[in-house]
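Architecture at a glance
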Amino acid sequence: LLSPETSHNNATLPSMGSIEVAFSPKGGATATIIKALAEARTSILVSAYSFTSMDIAQALLKAKKRKVVVKVILDKSQISQQYSSSTFFANQGFDLRIDVKHAIYHNKVMIIDDKTVITGSFNFTKAAENKNAENVLIIRNNPKLAHIYTKNWRFHWNQSLPRDEFLKRAKNNSKYLAKEARKP
């Protein structure tokens, strides 16, 4: 469905599975995501622009402790954010990479067990739950949709840097971030 040169071929799929929707502020979006993460048995792939929700981070850690493979891609802004979960993920041994190819890695996606997709405007943050007008969709039992999202996720994973390598390059070259953001 996706060519190797791009991460974003358009696709139309038949409807299947179920769709759960939640809104914020204070509409239970975080709890809805945590419930879906608790259902994971084999894998969770995460793409996040902003990630400061300790509740969601803890749910990912619980999944990891259940032997679920959890991999995370974060926007490079998360390295310098005071309340980011980047350090938490690194300290807990998560497989974590930093996107360096885009001005902003604005995705907010989780793919669970190759059949469930979490997406929407909802950043994985406390502010998204308590202050912002946001939405989240959890599309369950739709492996074709999950496959498309997974291929897109892997495309970005392959061009992202492991966190430690990103930090090393950034330390050695203060202009590294700006240079990488300008690359096509």
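Scroll up to find the structure this text is about.
Note that the structure is a prediction, hence the values are computed from the model and not measured.

**Focus on helix H2 (residues 54-65)**
Between its first and last C-alpha atoms H2 spans 16 Å; for 12 residues at 1.5 Å apiece the expected length is 16 Å, and the two agree. Packed against the buried residues of H2 are helix H1 (29-38), strand S2 (43-48), strand S3 (69-75), helix H4 (86-91) and strand S5 (108-112). Two residues or fewer after H2 comes Lys67, characterised by a positive phi angle close to 75°.

**Focus: the packing of aromatic side chains**
According to the stated counting rule, one finds 5 aromatic pairs in the structure shown. Here Trp153 and Trp157 contribute two aromatic rings whose centre-to-centre distance is 4.9 Å and whose plane-to-plane angle is 20°, an arrangement assigned as stacked. Note that Trp153 and Trp157 are positioned in helix H6 (residues 143-158) at a spacing of 4 residues, about one turn of the helix. Take Trp153 and Trp157: they sit in the same class, and that class is buried.

**Some words on the nonpolar core**
Core analysis: the biggest nonpolar cluster contains 36 residues, and Ile33, Leu37, Ile44, Phe51, Leu60, Phe89 and Met110 have the highest contact counts within it. At the level of elements, H1, S2, H2, S3, H4, strand S4 (95-99), S5 and strand S7 (134-140) are the ones that each hand at least two residues to this core. Those residues within four positions of Phe89 in sequence are excluded, and the remaining contacts are Phe51, Ala57, Leu60, Val72, Leu74, Phe94 and Leu96. The next biggest cluster of nonpolar side chains, apart from the first, holds 11 residues, and it includes Val109, Val117, Trp153 and Trp157.

**Points about the pairing of S7**
The buried fraction of S7 amounts to 5 of the 7 residues, a majority that puts the element mostly inside the structure. Sheet topology places strand S1 (residues 18-24) next to S7; 7 bridges connect them, and they run antiparallel. Bridged to Val21 within S7 is Leu137. Note: strand S6 (residues 116-120) against S7, 4 bridges, orientation antiparallel. Residue Thr119 lies in a different strand from S7, and its bridge partner there is Leu137.

Definitions and cut-offs
- Residues numbered from 1 in each chain as written.
- Predicted model: local features only at pLDDT ≥ 70, side-chain atom pairs only at ≥ 80, totals over all residues.
- Heavy atoms only, no water.
- Helix = DSSP H or I, 4+ residues; strand = E, 2+ residues; numbered from the N terminus.
- Expected span 1.5 Å × (residues − 1).
- Contact = heavy atoms within 4.5 Å.
- Phe/Tyr/Trp six-rings, centres within 6.5 Å; stacked < 30°, edge-to-face > 60°.
- Buried < 20%, exposed > 50% of the residue type's maximum accessible area, 1.4 Å probe, protein only.
- Core = buried A, V, L, I, M, F, W, Y, C linked by side-chain atoms within 4.5 Å.
- Pairing = 2+ DSSP bridges.

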